[in-house]
Amino acid sequence: MSVSESDLVARVREDFPRLRDDLAALIGIPSVAFPGYPPEPVHEAADKVEALLRDAGVADIERLDLPDTSPAIIGRVHVDDALPTVLLYCHYDVVPADDVEAWRTPPFEATEVDGAIFGRGASDSKSNLLAHIGALRAFRGSLPVNLLVVFEGQEEAGSAFDFYPLDHPDVFACDAMVIADVGNIRPGDPTLTVALRGSAAVTVAVSTLESPKHSGQFGAAAPDALVVLIHALASLHDEHGDVAVPGLRREEWTGAGYSDDEFRALAQVLPGVPLQGTGSLGSRIWSGPAITVTGIDVPSVDKAVNAVAATARARLDVRVSPWQSAAEAQAAVVAHLEAQHPFGVSLTVVAGDIGDGVSVPTGGPIYRLAEGALADAYGTPPSTNAVGGSIPIVSALARAVPDAEVLLFGTSDGFSAIHAPNERVLIDEFERTVVAETLLLARLGHAAPGSLR
């Protein structure tokens, strides 16, 4: 018996207090899957997630255990071959919260303040995972579509699962994917994400002396490895702060975006400090490249001695346009640095891990259903944005199942402070996301045969 959309929405709202309790319980599990952290909380979170899925009516569940990888929970519900199959993706692991003193509330204790729930993973991405659970519960065990649920446990640190779909495309066969690891550009502004930047790591090192030498006796003639490295790193950007590496793509961004004032607030830019680079913000942070020095081996100022550095090393995080392969971009950065010879000194450049970005097609029949579901949940039409960060599994899934429509939306917003102290999810955004996904699943199940192709 078909349930009306108004009844489904009523069920979501009736069940929502329980969903909030489930979020609090998940936040309370410090499921950090980074090296050096205990694995027990991650497995505890996996057990909790599996129990949530079973409670939501998913009986066919398996754990995929790959080497050195936290469990991936895969659930299936088959209703009817004539119905579309929808893949729901999210992750239950979180980044560390070691900077506890910067938190206003305990990071692994859900705390409600002014309409928001604070805690590590509140937004990235435990509320997104529970948005899937809440949507499934609304159907009370009578789903309108075939279902494939993929909840992984090592998205933040990266794992073998990032590439697993490429070698096992049949496991992930579906008509549509709902990737809940993103969110709205700002609160109350429903947003479909249509592009994700790729990423690449590069390490650059310099060796000039057998050992450090007294700067008074040898400085100005003995080649200073740190000064050489600084000159090489400075070549990566022009005088405006734009990336200056030949071969890196930058496209103009035409979707929604932040104002300069919004971005300054989000990034907590200090008063009087200008933003870096030129052109639209979207083309800088979403559809163009970025090169960030994320680590550098140098003597500390407090413990510095008067010596010429013998060695120096830096780690670069390269963010890549969604329309360029990460390998191509990484090769361009490596070639650029290898061509630098500050004061005649050569550099050692090593390419690290890469992950391709993704650009998803828009305007398809399932995409239009998602637009309508978000519009009805929020009372306003959705906009489109991109994400400057990378989600490698999305690229792998899109390549493994190229005919599936990929939909990216979720509970977070630009001010959620993901990966930072005081991460939070707005309760209203959380509930509206559940409503939107419930409406989307219902409409997919009621679509006329052949209309989704």
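A quick note: this is a predicted structure, and the numbers were derived from the prediction, not measured.

Novice: Whenever I open this one, the sheet that holds strand β4 (residues 111-113) confuses me. Can you help?
Specialist: The strands that make up a sheet pair up through hydrogen bonds in the backbone, lying either parallel or antiparallel. Across the sheet, three strands lie side by side as β4-β5-β20; this open sheet has antiparallel pairing. In this open sheet, the two edge strands, each paired with only one partner strand, are β4 and β20 (424-426). Across the sheet, the axes of successive neighbouring strands diverge by a mean angle of 25 degrees, strand direction being ignored. Running at roughly 20 degrees to strand β5 (residues 116-118), helix α1 (residues 5-27) makes contact with β4, β5 and β20 of the sheet.

Novice: Please explain unusual backbone geometry as it appears in this structure.
Specialist: Glycine aside, negative phi is the norm for most residues, and most peptide bonds take the trans geometry. The peptide bond linking Asp-124 to Ser-125 adopts the cis configuration, its omega dihedral lying at 5 degrees. Take Ser-125: it is sitting in helix α3 (residues 122-137). Residues other than glycine seldom take positive phi values, yet Asp-68 does so here, at roughly 55 degrees. Positionally, Asp-68 belongs in the loop between β1 (60-64) and β2 (72-77). The phi torsion at Gln-268 lies on the positive side, around 55 degrees, for a residue other than glycine.

Novice: For this particular structure, what's the right way to read a nonpolar patch on the surface?
Specialist: Residues Val-293, Ile-296 and Val-298 make up a contiguous nonpolar surface patch of roughly 220 Å² in combined accessible area. Turning to its location among the elements, Val-298 is positioned in the loop between β12 (290-297) and β13 (307-308).

Novice: Hey, could you run me through the packing of α1 against α3 in this one?
Specialist: A pair of packed helices is characterised by two quantities: the angle between their axes and the separation of those axes. Across the interface, α1 lies against α3 with an axial gap of 10 Å and an inter-helix angle of 145 degrees. α3 is crossed by α1, and the crossing has right-handed handedness. The residues of α3 that touch α1, namely those facing Asp-15, Arg-18, Leu-19, Asp-22, Leu-23, Leu-26 and Ile-27, are Ala-122, Lys-126, Ser-127, Leu-129, Leu-130, Ile-133, Gly-134 and Arg-137. Each residue belonging to the contact of α1 with α3 can be placed in one class, and the counts come to eight nonpolar, two polar and five charged.

Novice: What am I meant to see in the side chain of Ser-70 here?
Specialist: For Ser-70, the location among the structural elements is in the loop between β1 and β2. Only 3.4 Å separates the side chain of Ser-70 from the backbone oxygen of Gly-153, close enough to count as a polar contact.

Novice: When you look at the packing of aromatic side chains in this model, what are you seeing that I'm missing?
Specialist: Two aromatic rings, taken as a pair, are described by how far apart their centres are and by the angle between their planes. Across all of its chains, the model carries six aromatic pairs by this definition. Considering the side-chain rings of Phe-16 and Phe-430, the 5.0 Å spacing of their centres and the 65 degrees angle between planes classify their relative orientation as edge-to-face. Within this pair, whereas Phe-16 is found in helix α1, its partner Phe-430 is found in helix α12 (residues 427-446), the two being separated by 414 residues in sequence. The residues Phe-16 and Phe-430 share a single accessibility class, namely buried. The structure contains a cluster of three or more aromatic residues connected by ring pairs, namely Phe-161, Tyr-164 and Phe-172.

Novice: Even after reading the chapter, I still don't get the pairing of β2, so can you show me in this structure?
Specialist: In the case of a regular strand, side chains alternate between the two sheet surfaces. Within β2, five of the six residues are buried, which leaves it mostly tucked inside the rest of the structure. Bridge count for β1 against β2 is five bridges, and the pairing is antiparallel. Residue Asp-60 lies in a different strand from β2, and its bridge partner there is Arg-76. Across five bridges, the pairing between β2 and strand β6 (residues 146-152) is antiparallel. Paired with Ile-73 across the bridge in β6 is Phe-151.

Novice: What is the right way to look at the pattern of salt bridges in this model?
Specialist: Pairing between side chains of opposite charge can happen when the charged atoms of each approach one another. This model, assessed by the stated rule, comprises 22 salt bridges. Put simply, Glu-5 and Arg-443 hold a salt bridge, and the shortest N to O gap is 2.8 Å. Of the two residues, Glu-5 is situated in helix α1 and Arg-443 in helix α12; the sequence distance between them amounts to 438 residues. A relative accessible area of 18% means that Arg-443 is categorised as buried.

Novice: Just to check I follow, could you spell out the packing of α3 against α12 for this structure?
Specialist: At their nearest, the axes of α3 and α12 sit 8 Å apart, and the two run at 45 degrees to each other. When the interaxial angle is binned, α3 and α12 end up oblique. Handedness of the α3/α12 crossing: right-handed. On α12, the residues touching Ser-127, Leu-130, Ala-131, His-132, Gly-134, Ala-135 and Leu-136 of α3 are Phe-430, Thr-433, Val-434, Glu-437, Thr-438 and Leu-441. Residue composition of the contact of α3 with α12, grouped by class: seven nonpolar, five polar and one charged.

Novice: What exactly am I supposed to notice about the environment of Leu-52 here?
Specialist: Looking at the element boundaries, Leu-52 is found in helix α2 (residues 40-55). Residue classification places Leu-52 among the buried positions, given a relative accessible area of 4%. Each C-alpha atom, one on Leu-52 and one on Ile-73, is 11 Å from the other, the two residues being 21 residues apart in sequence. Excluding residues within four positions of it along the chain, Leu-52 makes contact with Asp-22, Leu-26, Leu-130, Ile-133 and Arg-137.

Novice: For this particular structure, what's the right way to read the sheet that holds strand β15 (residues 348-355)?
Specialist: If you walk across this open sheet you meet the four strands as β12-β14-β10-β15, and the pairing is antiparallel. Of all strands in the sheet, those with a lone pairing partner are β12 and β15, marking the two edges. This sheet shows a mean twist of 20 degrees between the axes of neighbouring strands, independent of strand direction. Bridge analysis of strand β10 (residues 198-207) against β15 gives six bridges, and the strand direction is antiparallel. What sits directly across from Ala-205, in β15, is Thr-348. Packing of helix α6 (residues 225-234) onto the sheet brings it into contact with β10, β12 and β14 (311-320), and relative to β14 it is tilted by some 15 degrees. The strands that helix α9 (residues 326-338) touches are β10, β12, β14 and β15; relative to β15, the one it contacts most, it runs at about 165 degrees.

Novice: What exactly am I supposed to notice about the state of the cysteines here?
Specialist: A covalent bond between the sulfur atoms of two cysteines is what we call a disulfide. Applying the stated criterion across every chain, the model contains zero disulfides. Among the cysteines around Cys-90, which has no disulfide bond, Cys-174 carries the closest sulfur, lying 16 Å off.

Novice: Just checking my understanding: could you explain the environment of Ser-142 for this structure?
Specialist: Relative to the elements of secondary structure, Ser-142 occurs in the loop between α3 and β6. Taking the C-alpha atoms as reference points, Ser-142 and Val-3, 139 residues apart in sequence, are found 9.5 Å from one another.

Definitions and limits used
Residues numbered from 1 in each chain as written. Predicted model: local features only at pLDDT ≥ 70, side-chain atom pairs only at ≥ 80, totals over all residues. Heavy atoms only, no water. Pairing = 2+ DSSP bridges. Helix = DSSP H or I, 4+ residues; strand = E, 2+ residues; numbered from the N terminus. Axes fitted to C-alpha atoms, helices over the stretch in contact; angles between N-to-C directions. Contact = heavy atoms within 4.5 Å. Patch = residues over 30% accessible without salt bridge, like charges linked within 9 Å, V, L, I, M, F, W, Y side chains within 5 Å. Areas by Shrake-Rupley, 256 points an atom, 1.4 Å probe, with all protein chains shown as cover. Salt bridge = Lys/Arg side-chain N within 4 Å of Asp/Glu carboxyl O. Left-handed = near helix turned anticlockwise from the far one by under 90°. Nonpolar A, V, L, I, M, F, W, Y, C, P; charged D, E, K, R; others polar. Polar contact = N/O pair within 3.5 Å; in protein donor to acceptor, adjacent residues only side chain to side chain. Phe/Tyr/Trp six-rings, centres within 6.5 Å; stacked < 30°, edge-to-face > 60°. Buried < 20%, exposed > 50% of the residue type's maximum accessible area, 1.4 Å probe, protein only. Parallel < 35°, antiparallel > 145°, perpendicular 65-115°, else oblique. Disulfide = S-S within 2.5 Å.

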